[in-house]
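Reading the structure
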Amino acid sequence: MATLITPDARFRNSWLAAAEEFGGENMDGSGVYGENRLERVRTEISGDFAAFVDGLVADRLPETPRPPEFVACTYLWLVEGEEFLGSLAIRHILNDFLFERGGHIGYSIRPSAQRQGHATRALHDSLPVARGLGISPVLVTCAEDNAGSRAVIEKNGGVYEDSREGTRRYWIDPA
């Protein structure tokens, strides 16, 4: 059974294989941002994967240095056995961008593991963590044309509020 865990460097090979599956596309909830994502994974992150993981774990602490547009974030990985299946990020507060488009929780499942219920389970299992961080209600968003994410959010009790610039916004009570 797939479970959410704190990022762990022992999943290095499986995480890197998952990143390759994304082929440079955005891996929501992974902590990998910016231009040339796949190249960064292949060089910087794969070369010092343990430091990358340590950075993800430290990001939950308010005192961790971060760019001004980023907020404290709890990263979790969905794994099954020794296989990395996906990433999830719980953003502790909402800045303007997150309120409009990003939400409290972002997630992605590696392409080879999609359409198997993993995203629904990951979001479900992350809600008590969000509640423990004092986040209630939880804002979760998805692209207007992402029927899969829309279904995941609605299965987890997401109540549609509105759409802004192509992004659907839902609120979930994590109680």
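Up top is the structure these notes are about.
Now for a description of the structure that goes with this document.

What counts and what doesn't
Position numbers for residues start from 1 in each chain and track the written sequence from start to end. The predicted nature of this model means local features are confined to residues of pLDDT at least 70 and side-chain atom pairs, given and counted, to a pLDDT of 80 or more, with totals for whole chains, interfaces and linings taken over all residues. Just so you know, side-chain values use all the structure's heavy atoms and leave hydrogens and water out. Note on ring pairs: Phe, Tyr and Trp rings are taken, using the six-membered ring of Trp, and paired if centres are within 6.5 Å. Classes follow the plane angle, with under 30 degrees stacked, over 60 edge-to-face and the rest tilted. Numbering goes from the N terminus for both helices and strands, where a helix is a DSSP run of H or I of at least four residues and a strand is a run of E of at least two. Note on classification: 1.4 Å probe, protein chains only; a residue is buried when its accessible area is under 20% of the maximum for its type, exposed when over 50%, partly exposed between these limits. Lysine and arginine charges are scored as sitting over a ring when NZ or CZ, respectively, is within 6 Å of the ring centre and within 35 degrees of the ring normal.

**Structural notes on the packing of aromatic side chains**
The way to describe two aromatic rings as a pair is by their centre distance and the angle between their planes. In the structure shown here, the tally under the stated rule is nine aromatic pairs. Arranged with centres 6.2 Å apart and planes meeting at 40 degrees, the rings of F49 and W77 form a pair that is tilted. Of this pair, F49 sits in helix α3 (residues 49–58) while W77 sits in strand β2 (residues 73–80), placing them 28 residues apart in sequence. Of the two residues, F49 and W77, neither departs from the other in class, the shared state being buried. Seen in terms of ring centroids, F99 and W171 are 6.4 Å apart; in terms of plane orientation they differ by 50 degrees. Their pairing is tilted. Of this pair, F99 sits in helix α4 (residues 96–102) while W171 sits in strand β7 (residues 167–172), and the two are 72 residues apart along the sequence. The exposure class of F99 is partly exposed, given its relative accessible area of 33%. Stacked on the ring of F99, the Lys or Arg R169 has its end atom at 4.6 Å from the ring centre.

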